[in-house]
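If you want the building blocks of each chain, they are given just below.
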Amino acid sequence: MTEKLILHEYAASGNCYKVRLTAAQVGVPLERREYDIMKGETRTPEFLAKVDANGRIPVLQIGDRFLAESNAACFYIADGSPLIPSDPFDRADMLRWMFWEQYHHEPNIATLRFWLQYIGLDALGEVRRLQIVPKRQAGIAALELMDRHLTNRDWFVGDSMTLADICLFAYTHVADEADFDLELYPSIIGWMERMMTDPRHVAFGD
Ligand SMILES: N[C@@H](CCC(=O)N[C@@H](CS)C(=O)NCC(=O)O)C(=O)O
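Residues numbered from 1 in each chain as written. Predicted model: local features only at pLDDT ≥ 70, side-chain atom pairs only at ≥ 80, totals over all residues. Heavy atoms only, no water.

Peer 1: Let's hear about the overall build of the protein chain: which residues, and what values?
Peer 2: Within the protein chain, the secondary structure is distributed over seven helices and four strands. For the protein chain, the succession of helices and strands along the chain, N to C, is β-α-β-α-β-β-α-α-α-α-α. Taking 206 residues into account, the globule formula puts the C-alpha radius of gyration at 17 Å, and the protein chain, at 17 Å, falls close to it. Summarising its shape, the C-alpha atoms of the protein chain cover approximately 50 × 50 × 30 Å along the three principal directions. (Helix = DSSP H or I, 4+ residues; strand = E, 2+ residues; numbered from the N terminus. Rg over C-alpha atoms; globule rule 2.2 N^0.38 Å.)

Okay, structure coming up:
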């Protein structure tokens, strides 16, 4: 990669961690710029005009171009590496899990983590409080599906780590912060251990 990569991020976000983990796996250097989303720093007129009109991080800056959406940023960084399978079915299956993560996993597990750990139950409005139970049920369904899928396999797609594993790992390994009991899912535990003992792994806080 010839152009400098800058990650516009909030370090405590799992979506931003995915991008750092992908970069570490493929050995690509990232410059990091921190924004405090709790203070609305991604909603300023400057951020909306220059970085992302959607007002969210992560955003990967490639030279003078800006790429929003965590899974798209991971795909850009990992392009051409073994994290993206060369077999057409496996490559599409990897994307299937990444789309699934954004629709069935992240909106439930990551959102509950954000509400409980960062906003706090007392400060949640009535509308959000009413969504806790359905989000918890959907989060449990997502974890159960992952656990079943991993029963007889080491990785989500094929026989080695792909972006599907990285994108799903980011919020799964901190699901306990949203009061999900990961001990109920032995295949997920085994898979998380494989992820964390990989020599190129970087922890959330690194
Ligand atoms: N689908 C997006 C989600 C981005 C997102 O919701 N980012 C959150 C942090 S994880 C954010 O920027 N929140 C600040 C805000 O909405 O003002 C992705 O995967 O990148």
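Moving on, there is more to tell.
Peer 1: Account for the site of the ligand, naming residues and giving values.
Peer 2: Near the ligand lie 13 residues; those nearest to it are Arg43, Ile57, Glu69, Ser70 and Gln102. For the ligand, a nitrogen atom lies 2.8 Å from a polar atom in the backbone of isoleucine 57. A distance of 2.6 Å separates an oxygen atom of the ligand from a polar atom in the side chain of serine 70. Protein contact buries 79% of the 510 Å² of open area that the ligand shows by itself. Its residues placed into classes, the shell around the ligand shows four nonpolar, six polar and three charged. (Near = heavy atom within 4 Å. Polar contact = N/O pair within 3.5 Å; in protein donor to acceptor, adjacent residues only side chain to side chain. Areas by Shrake-Rupley, 256 points an atom, 1.4 Å probe, with all protein chains shown as cover. Nonpolar A, V, L, I, M, F, W, Y, C, P; charged D, E, K, R; others polar.)

Peer 1: Break down the sheet that holds strand E3 (residues 59-62) for me, with residues and values.
Peer 2: Pairing is mixed in the open sheet, where four strands are placed in the order E2-E1-E3-E4. Lying at the two open borders of the sheet, with one neighbouring strand each, are strand E2 (31-34) and strand E4 (65-68). This sheet shows a mean twist of 25° between the axes of neighbouring strands, independent of strand direction. Bridge analysis of strand E1 (residues 5-9) against E2 gives four bridges, and the strand direction is parallel. Looking at E2, one finds that isoleucine 6 is bridged to glutamate 31. Docked against the sheet, helix H1 (residues 14-26) engages E1 and E2, running at close to 160° with respect to E1. (Pairing = 2+ DSSP bridges. Axes fitted to C-alpha atoms, helices over the stretch in contact; angles between N-to-C directions. Contact = heavy atoms within 4.5 Å.)

Peer 1: How would you explain the layout of surface pockets if you had to name every residue and give the values?
Peer 2: Take a probe with the size of a water molecule and roll it over the atoms, and the empty space left behind shows itself. Of the voids in this model, the largest pocket is the one considered here, and its volume is about 710 Å³. Around the largest pocket, the lining comprises 25 residues; the ones closest to its centre are Asn15, Ile37, Arg56, Ile57 and Glu106. Tallying contributions element by element places helix H4 (residues 88-119) first for the lining of the largest pocket, with seven residues. (1 Å grid on protein atoms, 1.4 Å probe; cavity = no way out; pocket = protein on both sides within 12 Å on 5 of 7 lines; lining within 4 Å. Points joined across faces, edges and corners; volume = space filled by probe spheres on them.)

Peer 1: Help me get a handle on a negative patch on the surface, residues and values and all.
Peer 2: On the surface, Asp176, Asp179, Asp181 and Glu183 cluster together into a patch of negative charge. Along the chain, glutamate 183 falls in the loop between helix H6 (163-172) and helix H7 (186-196). (Patch = residues over 30% accessible without salt bridge, like charges linked within 9 Å, V, L, I, M, F, W, Y side chains within 5 Å. Salt bridge = Lys/Arg side-chain N within 4 Å of Asp/Glu carboxyl O. Lys, Arg positive; Asp, Glu negative; His and termini not counted. Charge placed at Lys NZ, Arg CZ, Asp CG, Glu CD.)

Peer 1: Explain unusual backbone geometry to me, using residue names and the numbers behind them.
Peer 2: Proline 58 follows isoleucine 57 through a cis peptide bond whose omega is 5°. Inspection of the secondary structure assignment puts proline 58 in the loop between helix H2 (45-50) and E3. Of note in this structure, glutamate 69 is not a glycine but carries a positive phi near 80°. Note that glutamate 69 resides in the loop between E4 and helix H3 (70-78). Among the residues examined, glutamate 69 registers a relative accessible area of 44% and is labelled partly exposed. Unusually for a residue other than glycine, aspartate 179 sits at a positive phi of about 65°. Residue placement: aspartate 179 occurs in the loop between H6 and H7. (Buried < 20%, exposed > 50% of the residue type's maximum accessible area, 1.4 Å probe, protein only.)

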